[in-house]
Amino acid sequence: ESSEALAFGAFLLFAEERLRGVQTSVDQVQAKYQRVLGYFGEDPDLTSDAFFKSLEAFGRAFDQSIQEVDEADRRERKKAQQQKEAEERKQWKESKPAAPPMGGDSAAPSARGAPEAASSPSQGALQSLMAARARGLRSQTRPDSSSSDDDSDEGNLDGNR
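Structural notes, computed from the coordinates. (Residues numbered from 1 in each chain as written. Predicted model: local features only at pLDDT ≥ 70, side-chain atom pairs only at ≥ 80, totals over all residues. Heavy atoms only, no water.)

**Points about the pattern of salt bridges**
Note the following rule: Each salt bridge in this description consists of a side-chain nitrogen of Lys or Arg and a carboxyl oxygen of Asp or Glu lying within 4 Å of one another. In DSSP terms, a helix is any run of H or I states spanning at least four residues, a strand is any run of E spanning at least two, and both are numbered starting from the N terminus. Here's how the labels work: a residue is buried when its accessible area is under 20% of the maximum for its type, exposed when over 50%, partly exposed in between, all with a 1.4 Å probe on protein chains only.
This model, assessed by the stated rule, comprises 4 salt bridges. Of the charged contacts in the structure, one is a salt bridge between Asp49 and Lys53, with a shortest N-O distance of 3.6 Å. One end of the pair, Asp49, and the other, Lys53, are both in helix α2 (residues 48–95), 4 residues apart, so they sit about a helical turn from each other. For Asp49, a relative accessible area of 49% puts it in the partly exposed group. For the salt bridge of Glu71 with Arg75, the shortest nitrogen-to-oxygen distance reads 3.7 Å. Here Glu71 pairs with Arg75, and both are found in helix α2, just 4 residues apart, close to one helical turn.

The following block contains the structure:
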């Protein structure tokens, strides 16, 4: 029996030592948990289960907020890009020359009978060119005005000479 008592005594000493080590670890974890609660401004009596559920909910809400901010930023960038493009189009339209380029026949064929020519922003410029042509100022619109076809109705939108 004494060998059993001796083995039991050795086990008891070993178990008590391990228990003290575990208790020290538990005390350290509890102290750290109390510091975490203080850091987050939580009630010191809050259970760890309740705290971590709250922390998890905060994390999900934070992630959702990030997604919403990213989406709002994307929409804002898209809106700014559209506004920039609209401003560039407006500036381009305002900076376009009033008359078509000199020396080319490119405006005449597309303007002949084309419905879009009548409603284009340069309609006034076309009318001015036609009036100049009617006055015999062909050299301003066509450097190659020596051809004999110039008396045709090409470029004459309203049919008047």
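Moving on from the model shown.
**Some remarks on a negative patch on the surface**
Which entries qualify depends on this criterion: Grouping into patches uses exposed residues only, defined as over 30% relative accessible area, and leaves out salt-bridged ones; the cut-off is 9 Å for like charges and 5 Å for nonpolar side chains (Val, Leu, Ile, Met, Phe, Trp, Tyr). Only the protein chains shown count as cover for residues, with accessible areas throughout obtained via the Shrake-Rupley method and a probe of 1.4 Å. We treat Lys and Arg as the positive residues and Asp and Glu as the negative residues; His and chain ends play no part in the count. All charge positions are set by atom: Lys at NZ, Arg at CZ, Asp at CG, Glu at CD.
A contiguous patch of negative charge, built from Glu85, Glu87, Glu88 and Glu94, is present on the exposed surface. Along the chain, Glu85 turns up in helix α2. With a relative accessible area of 33%, Glu85 lands in the partly exposed category.

**Concerning helix α1 (residues 2–39)**
An α-helix turns once per 3.6 residues; consequently, residues spaced three or four apart project the same way. Rules: The span expected for a helix works out to 1.5 Å for each residue beyond the first.
Spanning 38 residues, α1 covers 55 Å between terminal C-alpha atoms, matching the ideal 56 Å at 1.5 Å per step. Looking one or two residues beyond α1, the residue adopting positive phi is Gly41, at roughly 70 degrees.

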